[in-house]
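Summary of structural features
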Amino acid sequence: SNEVSVGELYVVSASGAVDLLDVSNSIDAFAATLTANTSALTLKNTADLRIGLLDGVDTKGIKTNEGNVTVNNGSASINLLAGATIDVLDGSSAGAAGFTATGDNFTTNAGSNIKTGSGGVTLTGLTGDITLAAPVTTENGDIAFSPINFTSNADATVDTAGGEINFSGTTGSVALGGAVT
């Protein structure tokens, strides 16, 4: 078996793709920095997942250089910790970097941030709620949401810099507290 079962996993620096694809992975907290152009990250997980780990005085999240990030968290929740950033911006190779997550609930906390390139943000495979307390921005990429309920506070701006913002399949309430542009 290639299963990873650990409380915290920190990929400090990787220059190629990181694929943690075993459907039995059980990781409680995760952070990664991928340095080479187009280095992508794919994580399959079965436990509630905290994105963000303390490294000295900084909280590390997920950072790639033009690589896509895909987190398939089964039926478990994803929580972006305060101070952690998901940073998957387009790079010098003219790629389109994006962030995709599936699971149950998806939550960001004050002081965290999601920044992507033109690949956008896709949170359409969730079976629960989305609660944003931090900005979500793209570089002309689309943002797609499909939660049961969606809530954002005043700090949770959603900005596509020219892309589209789409809600689909939302069966509960939508409460927008932050600016949407």
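Here is a short report on the structure shown in this document.

1. Section: the sheet that holds strand E18 (residues 143-145)
Strands belonging to one sheet form pairs held by backbone hydrogen bonds; the direction of such a pair is parallel or antiparallel. As summarised here, the arrangement of the 7 strands in space is E2-E4-E9-E12-E15-E18-E21, forming an open sheet in which the pairing is parallel. The sheet is open, and its two borders are formed by strand E2 (18-20) and strand E21 (165-167), each paired with just one other strand. Strand after strand, the sheet turns through a mean of 10° between neighbouring axes, direction not considered. Note: E2 against strand E4 (residues 41-44), 3 bridges, orientation parallel. Within E4, the position partnered with Asp 19 by the bridge is Thr 42.

2. Notes on the nonpolar core
In globular proteins that are soluble, nonpolar side chains generally tend to be buried together. Among the nonpolar cores identified, the biggest contains 36 residues, and Phe 30, Phe 99, Phe 106, Leu 123 and Leu 132 are the most heavily contacted of them. Top contributing element to this core by residue count: strand E3 (residues 26-37), with 4 residues. Apart from residues lying up to four places away in sequence, Phe 99 is in contact with Val 69, Val 71, Ile 86, Val 88, Phe 106, Ile 114, Thr 116, Gly 120, Val 121, Thr 122 and Leu 123.

3. Remarks on the pattern of salt bridges
The final tally for this structure, using the stated rule, is 2 salt bridges. Between Asp 87 and Lys 63 there is a salt bridge, with its nearest N and O atoms 3.2 Å apart. In this pair, Asp 87 is assigned in strand E11 (residues 85-88) and Lys 63 in strand E8 (residues 62-65), connecting sequence segments 24 residues apart. A residue is classified by how much of its surface remains accessible, and Asp 87, at 10% relative accessible area, is buried. Between Asp 87 and Lys 115 there is a salt bridge whose closest N-O contact spans 3.9 Å. Residue Asp 87 is found in strand E11, and its partner Lys 115 is found in strand E14 (residues 113-116); the two are separated by 28 residues along the sequence. Here the residues in one salt-bridge network are Lys 63, Asp 87 and Lys 115, joined through shared partners.

Rules used throughout
- Residues numbered from 1 in each chain as written.
- Predicted model: local features only at pLDDT ≥ 70, side-chain atom pairs only at ≥ 80, totals over all residues.
- Heavy atoms only, no water.
- Pairing = 2+ DSSP bridges.
- Helix = DSSP H or I, 4+ residues; strand = E, 2+ residues; numbered from the N terminus.
- Axes fitted to C-alpha atoms, helices over the stretch in contact; angles between N-to-C directions.
- Core = buried A, V, L, I, M, F, W, Y, C linked by side-chain atoms within 4.5 Å.
- Buried < 20%, exposed > 50% of the residue type's maximum accessible area, 1.4 Å probe, protein only.
- Contact = heavy atoms within 4.5 Å.
- Salt bridge = Lys/Arg side-chain N within 4 Å of Asp/Glu carboxyl O.

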